[in-house]
Structure formats: structure tokens, C-alpha cells
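# Structural overview for review
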Amino acid sequence: MDLKTGLNSPVIADHLPTLALPAAVMTFTTPTSFPSPGLCLNTTKKIPLPGKIEEVRAAGWLDLMKASSPTRKRQIKDVICDAQSDLDLQYCNWTVNYPSALISFEAISDLAGSKRLALFLDYDGTLSPIVDNPENALMSDEMRAAVRHAASLFPTAIISGRSRDKVFDFVKLNELYYAGSHGMDIMGPVRKTTDSNGVECIRSTDGKEVNLFQPASEFLPMITEVYEKLGESVKDIDGARMEDNKFCVSVHYRNVAEDDYKKVFHRVTAVLEGYPCLRLTHGRKVFEVRPVIDWNKGKAVEFLLESLGLSESEDVLPIYVGDDRTDEDAFKVLKASNRGFGILVSSIPKESDAFYSLRDPAEVMEFLRMLAAWKEQST
Ligand SMILES: O=P(O)(O)OC[C@H]1O[C@H](O[C@H]2O[C@H](CO)[C@@H](O)[C@H](O)[C@H]2O)[C@H](O)[C@@H](O)[C@@H]1O
């Protein structure tokens, strides 16, 4: 395949930087109640209109850059100001459509019944709180213990936009499976299927036999090159920070003055003009540059379920917990297959393909503890 032009690739998904439209353009209607035992997640939420992904205009990006991930300062101000009750009301109304996984725990455990649970967890904003410096996004010991306990009872994987090595350095648990670079670098169990396309069997650091799957490996030289160029192009912008996520590059603007957001956007898109095989997505105060291949966190979930021998079975309940736009790909996969569900971690109302919600990592920890306690007491 010609990586400069993107021609002749069987895996090219689209060539444009893509972004979902702001939530305001996506409507949903009546409250949903918990689905029947068959997990009919066909709720009455309206499906977003076709064309929700559109060619990105700078103005649209800018609005989203400002809106993405409210800063702590704004949250503190909100607590003080009179509008707090309105915010609470908005959040409450929103949870009618995205019920709290804690409050709905009984319904979840009823549904799980004797099914085999598989847990998929995002890292930043899900297992660790969002902080200004990405290097400081540490996971608390309590959270680590909760994840370890859950992983001793259910197959558990972390699926992150970070590089696999970095997310492992934060989590430090050998009993999990890891997918870094938005699922483009998977270290999972030895596949139980005969189809081993692109999968390399290796030994992990603790001597376990594992499979390594890296569908974007041919992009590595290009990603290294673009990392250098992007770093050079934003180096004079105060607060802009680069992060090498192996098969993806993050350009952080959390610490950039709002007046300079436009500059960051233009510098990044100018560099990317020379790379039609790379695309730009937008996370929480971060631009993520990644290969245009038909692979994302949703595909990683499918891949891991298959590797675990859990993809064909009716009695499996996959649960994915995440806070970011990139987690929506995984929520969609579960929703479309009507087998499991997503849990969106958010303290503000957001349109999502998740079914349940949790406010923040503290609630995620509580949920993991509840799952583990339920499992132990029901076996
Ligand atoms: O898939 P994830 O594990 O959620 O990774 C997505 C990005 O997360 C990190 O950035 C976010 O968290 C940082 C630390 O709290 C925060 O400073 C930043 O503003 C957030 O966007 C990570 O640093 C990125 O590389 C990931 O792409």
C-alpha cells in the first residue's frame, strides 16, 4: 500500500478528519426503562441523523475545542453560582436516558444472572481523574485494588488511547489484557480461533504466552515522522504538549490559552495536509492523530472477545466503561450486537451510545467493587 497517497489499501476508512457534531444537533426523546432479559437495547432514543460526521470546518473545531472537557475551574465556579440547581436538574433529566449504573445495579446484576461478564475499561477519565499534566494521571491504590479484584473474577481489558507500555506503567497489573493506541496495539490472550491473521504469539514480561496484534504497524515510521513535525510546529505555543502514543500522536492543548486554540488547530491541520493516510480526532482538550485504518476501540473489543472465546456465546455480557469520544466506537459495537452495554463516565450531560452512566472515576471504582461483591456472593 502507498502510505503517502493511501491508495490500494483494503483498510482505509475515510480520508477526512472527522468529528461528531455537537450534542445539540442530536436529539433524543422519551425516557427508557431497563431492557428485558434479552437485553433489548433498542431504546426509544432517536438514532442520530445520517451525516452527523461531516467535513470539519475550523469554526466547528474551535467550538468543540472550547467545549471539550470542562476545566476544574469552571466546575468549581458552577458549584458556587446560583445556576447549580439548574445544572443538577439537567444532569438528573439526562440520567433518565442514561441511568446511573450504581442506582440501576440490581437491574444489571439481574441481567448478568449466570452470564459470563467481560470487562473493558478505558484509562484516562475512567480509572484516573483528568489532570493538567498527562504524565501525572496516576491511578489510586484503591482503584488498582478494585480493578485487580474485578479482574480475578471476570476477564478484564484496558483499552486506551495511550501507548500500551505507558498504560501498563500506570495500571501495573499483570492479570489484565491491554490494548493501547486506541486498540491498535493489543496484547491479549492466545486466540482460541484458527484465524490468526496478523497475530504474533509472544511471551509477556511475566512469562505468560500472549498474542500481540498491531494492525497499524506499517504506519510506525510515518507516525514517528509526524510526531517530530507536529512537535516542531507547536513548540512556540505556550502550554501545547506532545505525547507519543506509539501508533497515535496526541497534541494536548489543555494548558494553552483559549486565544491560542485556533493557532494549535491550524498548525496541526497544516502538518496533516501532507499526510492523507493520517486523520485527526478530538478528545478531551487533545487532538489525536492516527492512521486511517478501519480499526478502533470497538474493533478491539470484538477482537478481544473473539480471542477470549467469548464472541459466539449468548451467555456472555460484555461491559465497556469509558468517558471519551473514542469510547463511543466500543459503545456502538455493544449496542449494535445487542449483547452488552456501555457505561459513559461523565459529570455533564452528553449524547452517547452508552446505556448507563457514572459520574466520575470514584463512581467507577464503586461500580467495580459492587460487581465483584455481587459475583462473589452469587457463586
Ligand atoms: O483512551 P484514554 O485512555 O481515555 O486516552 C485518551 C487520552 O487520554 C490522555 O489525555 C487525557 O487525560 C490527560 C490526563 O488526565 C489530560 O491532561 C488530557 O487533557 C486528556 O485529554 C492522554 O494523555 C492522551 O494521550 C490520550 O489520547
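The structure presented is a predicted model; accordingly, all values stated were derived computationally and were not measured. Here, residues in each chain are numbered from 1, in the same order as that chain's written sequence. A pLDDT threshold of at least 70 governs which residues receive local features in this predicted model, and a stricter bar of 80 or more applies before side-chain atom pairs are shown or counted, although totals over entire chains, interfaces and linings include all residues. The side-chain quantities take in all heavy atoms of the structure and omit both hydrogens and water.

As a matter of local geometry, the ligand sits amid 22 residues, with Val131, Glu243, Arg254, Arg284 and Glu288 nearest to it. Throughout this description, a polar contact denotes any pair of N or O atoms lying within 3.5 Å of each other; where both atoms belong to protein, one of them has to be capable of donating a hydrogen while the other can accept it, and for residues adjacent in sequence the pair is counted only when both atoms sit in side chains. Between an oxygen atom of the ligand and a side-chain N or O atom of Ser160, the distance comes to 2.8 Å. Between the ligand and Arg284, the relevant distance is 2.4 Å, taken from an oxygen atom to a main-chain nitrogen or oxygen of the residue. Working definition of accessibility: Shrake-Rupley area with a 1.4 Å probe, residue cover restricted to the visible protein chains. For the ligand, whose accessible area on its own is 570 Å², the fraction buried by protein is 98%. Elements are defined by DSSP. Helices are runs of H or I of four residues or more, strands are runs of E of two residues or more, and each kind is numbered from the N terminus. For the shell around the ligand, the secondary-structure elements that each account for two or more residues are β8 (249–252) and β10 (286–291). We call a residue near a molecule or strand when any one of its heavy atoms sits within 4 Å of it.

Turning our eyes to something else, we now look at helix α5 (residues 141–153). Between its first and last C-alpha atoms α5 spans 19 Å; for 13 residues at 1.5 Å apiece the expected length is 18 Å, and the two agree. The rule is simple: take the accessible area with a 1.4 Å probe, protein chains only, and divide by the maximum for that residue type; under 20% is buried, over 50% is exposed, in between is partly exposed. All buried positions along α5 are accounted for by Met143, Arg144, Ala146, Val147, Ala150 and Ala151. Projection of α5 onto a plane perpendicular to its axis shows the buried side chains occupying an angular sector of 160°, all on one side. Exposed and oriented more than 90 degrees from the buried face of α5 are Asp141 and Ser152. Buried-residue contacts for α5 involve β1 (116–121), β2 (156–159), α6 (164–171) and α11 (361–378). Here the expected length of a helix is defined as 1.5 Å per residue gap, with one fewer gap than residues. Working note: the arc is built from the helix axis to C-beta atom directions. Contacts are assigned to residue pairs that have any heavy atoms within 4.5 Å of one another.

The next subject is the packing of aromatic side chains. Think of it this way: a Phe, Tyr or Trp ring, Trp meaning its six-membered ring, pairs with another when their centres are within 6.5 Å, and the plane angle makes it stacked under 30 degrees, edge-to-face over 60, tilted otherwise. Using the criterion set out here, one finds 14 aromatic pairs in the structure. Look at Phe355 and Tyr356: their rings are 5.0 Å apart centre to centre, the planes differ by 75°, and that puts the pair in the edge-to-face class. Three or more aromatic residues link up through ring pairs in this structure, and these residues are Tyr253, Tyr261, Phe265 and Phe287. Here, a charge over a ring is recorded when the distance from Lys NZ or Arg CZ to the ring centre is within 6 Å and its angle to the ring normal is within 35 degrees. If you follow Arg359 out to its NZ or CZ, it ends over the ring of Tyr91, 3.9 Å from the centre.

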